[in-house]
Amino acid sequence: MSPSMRRRTFLHVTGGTALGLGVAGAATTPATAAVEKSAVTGPQEFAALRARWRELVLGTGFSPTAEPFRTLLAELGRTAQAHLSTMTPADGSLWPDAVWRDPEPDTDAESYAFSAKMNESYNRLATLAQAWAQPGTGLTADPDVLRAVLDGLDHLYTQVYNETTVRYGNWWNWQIGAPQALMDTCVLVHDHLPAERIAAYCRAVDHFVPDSVFDAYTGTSTGANRVDLCRSVILRSIVGEDSGRIARAVAALDPVFPYVTSGDGFYADGSFIQHRNVPYIGGYGSVLHDGVGRLMALLRTSPWPVASPDAQLFLDTVDHAIAPFVHNGLIMDNVSSRGISRAGTSDHTRAHALLATIVLIGQGASEAENTRWRAMVKGWMRRDYHAPPLSNPKLSLARAALLRSLLDDTAVEPAPEPVEHRLFHHMDRATHRRRGWCASVSMASKRIAHYEYGNGEHARGYHTGAGWLSWWGDDFGLEQYSDAYWPTVDPYRLPGITASRKPLADGEGGNWGQPMPDAAWVGGTTDGEFGATGQHLVGLSSTMHAKKSWFWLDDAVVCLGAGISSRDGHAVETTVDNRALTSTENPALTVDGRTQHSRPGTGSFENARWAHIAGHAGYVFPRGLRLDTVREERTGAWRDINTGGPADPLTRRYLTLYADHGTDPTDAGYAYVLMPGASLRTTARRAADRGWLHLLANTGAQQGVRVPRLGLTAVNFWSAGTAGRLSADAPASVLVREHRDGTATVVVSDPARQAASLRITWGRRVASVISKPPTVTAVTTGPALALTFTGLDRAAGAPQRVRVRLG
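Residues numbered from 1 in each chain as written. Predicted model: local features only at pLDDT ≥ 70, side-chain atom pairs only at ≥ 80, totals over all residues. Heavy atoms only, no water.

S.K.: How should the pairing of strand β29 (residues 757-762) be read in this particular structure?
M.R.: Residues in a regular strand point their side chains to alternate faces of the sheet. Judged by which residues are buried, β29 turns out to be one-sided: Leu758, Ile760 and Trp762 face inward and are buried, whereas Ser757, Arg759 and Thr761, on the alternate face, are not. The sheet contact formed by strand β26 (residues 726-728) and β29 spans three bridges and is antiparallel. Paired with Ala728 across the bridge in β29 is Ile760. (Buried < 20%, exposed > 50% of the residue type's maximum accessible area, 1.4 Å probe, protein only. Helix = DSSP H or I, 4+ residues; strand = E, 2+ residues; numbered from the N terminus. Pairing = 2+ DSSP bridges.)

In structure tokens form, the structure reads like this:
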């Protein structure tokens, strides 16, 4: 039994640091245990929980006169004052700009907007309540603010959120958004609420969030949504002192923790899916972590602790799912879906709350986990020069207090970024980390959507799954996607993608259509440090298709494309890179040793061998490439990609390198090497080194490379065949690493999940097999190694590792 499995079977609970996860082998189930304990509870337990939730909402341990708290408190006061001065109760609204009265209540887009205004009204009351409860806001303990909150709650209950209303618009506003803000406010002003008002507000929540939402783990009651529904009911139960409902809601968390093999939730490889087929670690995954983390902290010492025997699996996701997508204080956009289209947010600001959540969760984890996570978070915060978390004016005081305390803890040494490659075969993503940079690729398949469009959000994200290759340096490039990138970038020229220029409608695929391509072979393999990834690319609403591969090395990514064909009547392009330029930068572009002009305009190079963008990266074209370049200003507005965004025009500058495959190409291809952070000299030397990289194949049948210096050979077999010394009798992804100690690692996967039987041959003398997985059913050693795999079609694309001793 592995150490991880042992921890999951028996979680050692130590003093005040335990999350109250229970002891393995207990005779009662979590629900039964909670119900039994509830029989001896009284008002004091609920009062203690309200006090604890108040701390979790408001924060503790900070001085209101110290920064950043003084600024955050002042901003909270200004926001609350604006709400107070404009609050005008009327029929159908509490504020003139937040009318919830829907003349034709249903579930169309218009009704979604009306229900959102109801939710927004509750959130404004919660803001007023926080400003009243917090010190240093200028409204602290102000009786006028308290009266506004109490009157507002009563007005909303009487008019819209009560036990007789039939919900309209977006279900989320009625079951999650509004009840959470309502109950948070009730906790803060609890001592000033008459019993009959508390009872009325609880009846409203019971009406919209009945116990039946927990009957089945399906639909809108899975993953992050299930956690949020549980929070709605748990807080309602604490406010209304209902031990039965709180016990049921805590027990309803149990299905969230085990890893899933399909649908929404966390997977064993670290993937997280929400809405059936959308990678969402930076959105719903972050919400789930925050929700579970806060509920664990709330209930830890109560009669209703989160006692699921699988709760350790949740803790494990910090290392396996969250950390691989966080780099120097940002969380990668390719796991945030619609969130990237929201004005006022960025990859950095979306990460800030998550960093605080990790610190909070660590307080109830093992000592080793807590120590590791605190060092990890501190490293991210220290290295985020672009948007340090404590400079975020929208960061809550509670989260700011957690992060400030960590930064001030001199016993914690910041941890560096790891060196590793991670494949997330359940969500078509891969991350590659080196000491000086990191990168990630975003793909789509018959299992994972091209993109998600809904609520009027993410209208032009259609090519974010077309092999988008995002990357950042360790001390440069952190602003790449943070400064109005998404409303101004050309959506047909995202870095790394191959796409038809066929115009697509905003929201192509339909509202919540979540279109998926008819492509099975998407995935790859890895030994944990290097990797091979491939995508059978089928364009969205397009005839364009291609085979794309990425081979992840020590200082570079080798990018290959083949079989690029289309009949759309439009040009097809592969974007080598598309760098967002800051307002003060005008980097030199050098192609084959010649520096190009830095004025806006285009360029074309028939047989470029290499290129370099100063301060960004080097690019090598091992077989030459017809390279096009454009340096331009682009103007757009957040409203263009999100109906809730501002319409103010924004202009940003870009430097783009791309390969134009022509109109309706047939079997076109490309090959380039991305070298993040490489100097001009390093790039030129790499281009001149003919022995560094061997391109074994770049066709629609196989794509592969050999890098002698690394002892690496990797091939993506789109069909049976041979490339270099490797052969496969069925589609597969194969990576071989020869080590200096006379051993080698052979890693194989079936990304298409269709190979019941697979035979891999490596033309290298092998003396013996050191270790192999159960999927290897036959081995031949000697002048060549032959491995027969069975059942890879049931392995969901997971890499299978074999260790051998060379002859």
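S.K.: Help me understand the packing of helix α11 (residues 281-299) against helix α12 (residues 311-322) in this model?
M.R.: A pair of packed helices is characterised by two quantities: the angle between their axes and the separation of those axes. Packing of α11 against α12 leaves a shortest axis separation of 12 Å and a crossing angle of 140 degrees. One way to sum up the angle between α11 and α12 is to call them oblique. The hand of the α11/α12 crossing is left-handed. Along the contact surface, α11 presents Ile281, Leu288, His289, Val292, Gly293 and Met296, while α12 presents Ala311, Phe314, Thr317, Val318, Ala321 and Ile322. Partitioning the contact of α11 with α12 into residue classes produces nine nonpolar, three polar and no charged. (Axes fitted to C-alpha atoms, helices over the stretch in contact; angles between N-to-C directions. Parallel < 35°, antiparallel > 145°, perpendicular 65-115°, else oblique. Left-handed = near helix turned anticlockwise from the far one by under 90°. Contact = heavy atoms within 4.5 Å. Nonpolar A, V, L, I, M, F, W, Y, C, P; charged D, E, K, R; others polar.)

S.K.: I keep staring at the environment of Val256 and nothing clicks. Help me out?
M.R.: Considering the arrangement of structural elements, one finds Val256 in the loop between α10 (243-251) and β1 (265-266). Residue Val256 is classed as buried on the basis of its relative accessible area of 6%. Separated by 36 residues in the primary sequence, Val256 and Val292 have C-alpha atoms spaced 9.4 Å apart. For Val256, the residues in contact, after removing those within four places along its chain, are Tyr217, Gly223, Arg226, Val227 and Leu288.

S.K.: Any chance you could explain the pattern of salt bridges here in plain terms?
M.R.: Two side chains with opposite charge may pair up if their charged atoms get near one another. Within the structure shown, the criterion is met by 43 salt bridges. Taking the shortest distance from any N to any O, the salt bridge between Glu120 and Lys117 comes out at 3.5 Å. Residue Glu120 and its partner Lys117 are located together in helix α5 (residues 109-133), separated by three residues, close to a single helical turn. For Lys117, a relative accessible area of 28% puts it in the partly exposed group. Arg579 is paired through a salt bridge with Asp577; the nearest N and O atoms lie 3.9 Å apart. With respect to burial, Arg579 and Asp577 carry one shared label: buried. Among the ionic contacts, a cluster of salt bridges with common partners joins Asp206, Asp211, Arg236, Asp242, Arg245 and Arg248. (Salt bridge = Lys/Arg side-chain N within 4 Å of Asp/Glu carboxyl O.)

S.K.: Explain the side chain of Thr464 here, please?
M.R.: Note that Thr464 resides in the loop between β8 (437-443) and β9 (466-473). The class of Thr464 is buried, set by a relative accessible area of 9%. Side-chain polar atoms of Thr464 contact the backbone oxygen of Gly461, separated by 2.7 Å. When neighbours within four sequence positions are excluded, Thr464 is seen to be in contact with Ser442, His450, Tyr451, His458, Trp486 and Leu494. (Polar contact = N/O pair within 3.5 Å; in protein donor to acceptor, adjacent residues only side chain to side chain.)

S.K.: Which parts of the structure should I look at to understand the nonpolar core?
M.R.: Core analysis: the largest hydrophobic core is formed by 193 residues, its most contacted members being Tyr161, Ile234, Leu298, Trp486 and Tyr619. With ten residues, helix α7 (residues 171-188) is the single largest residue contributor to this core. Sequence-distant contacts of Leu298, defined by excluding residues within four places in its chain, comprise Leu49, Arg52, Trp53, Leu56, Ile234, Leu235 and Ile238. (Core = buried A, V, L, I, M, F, W, Y, C linked by side-chain atoms within 4.5 Å.)

S.K.: What's the story with unusual backbone geometry in this structure? I'm lost.
M.R.: Note: most peptide bonds trans; most residues except glycine with negative phi. Omega for the bond connecting Glu67 with Pro68 falls within 30 degrees of zero, at 10 degrees, which places this linkage in the cis form. With respect to the secondary-structure elements, Pro68 resides in the loop between α3 (43-58) and α4 (69-86). The backbone of Ala141 shows a phi angle near 60 degrees, a positive value even though the residue is not glycine. Position of Ala141 among the secondary structure elements: in the loop between α5 and α6 (143-159). Even without being a glycine, Asp428 presents a positive backbone phi close to 55 degrees. Its relative accessible area of 1% is what places Asp428 among the buried residues.

S.K.: Just to check I follow, could you spell out the environment of Asn370 for this structure?
M.R.: Relative to the assigned elements, Asn370 resides in helix α14 (residues 367-383). It is 7.7 Å that separates the C-alpha atoms of Asn370 and Val359, two residues lying eleven residues apart in sequence. Contact partners of Asn370, with chain neighbours within four places excluded, come to Gly362 and Gln363.

S.K.: Help me out: how do you make sense of the sheet that holds β8 in this one?
M.R.: Sheet strands line up and pair through hydrogen bonds in the backbone, either parallel or antiparallel. What the four strands build is an open sheet, ordered β6-β7-β8-β9; its pairing is antiparallel. The two strands at the open ends of the sheet, each matched to only one other strand, are β6 (420-424) and β9. For this sheet, the mean angle separating the axes of adjacent strands, direction not counted, is 10 degrees. Relative to β8, strand β7 (residues 429-433) is paired through five bridges, and the arrangement is antiparallel. The partner of Ala430 across the bridge, within β8, is Val441.

S.K.: In this structure, what is going on with the sheet that holds strand β22 (residues 694-698)? I would like to understand it.
M.R.: Taken in spatial order, the seven strands line up as β22-β23-β24-β27-β28-β33-β30 in an open sheet, and their pairing is antiparallel. Here the strands that pair on one side only, and so sit at the sheet edges, are β22 and β30 (766-771). Strand-to-strand twist of the sheet, defined as the mean angle between neighbouring strand axes without regard to direction, takes the value 15 degrees. Alignment of strand β28 (residues 743-749) against strand β33 (residues 800-806), held across six bridges, turns out to be antiparallel. In the sheet register, Val747 faces β33, and the bridge partner there is Arg801.

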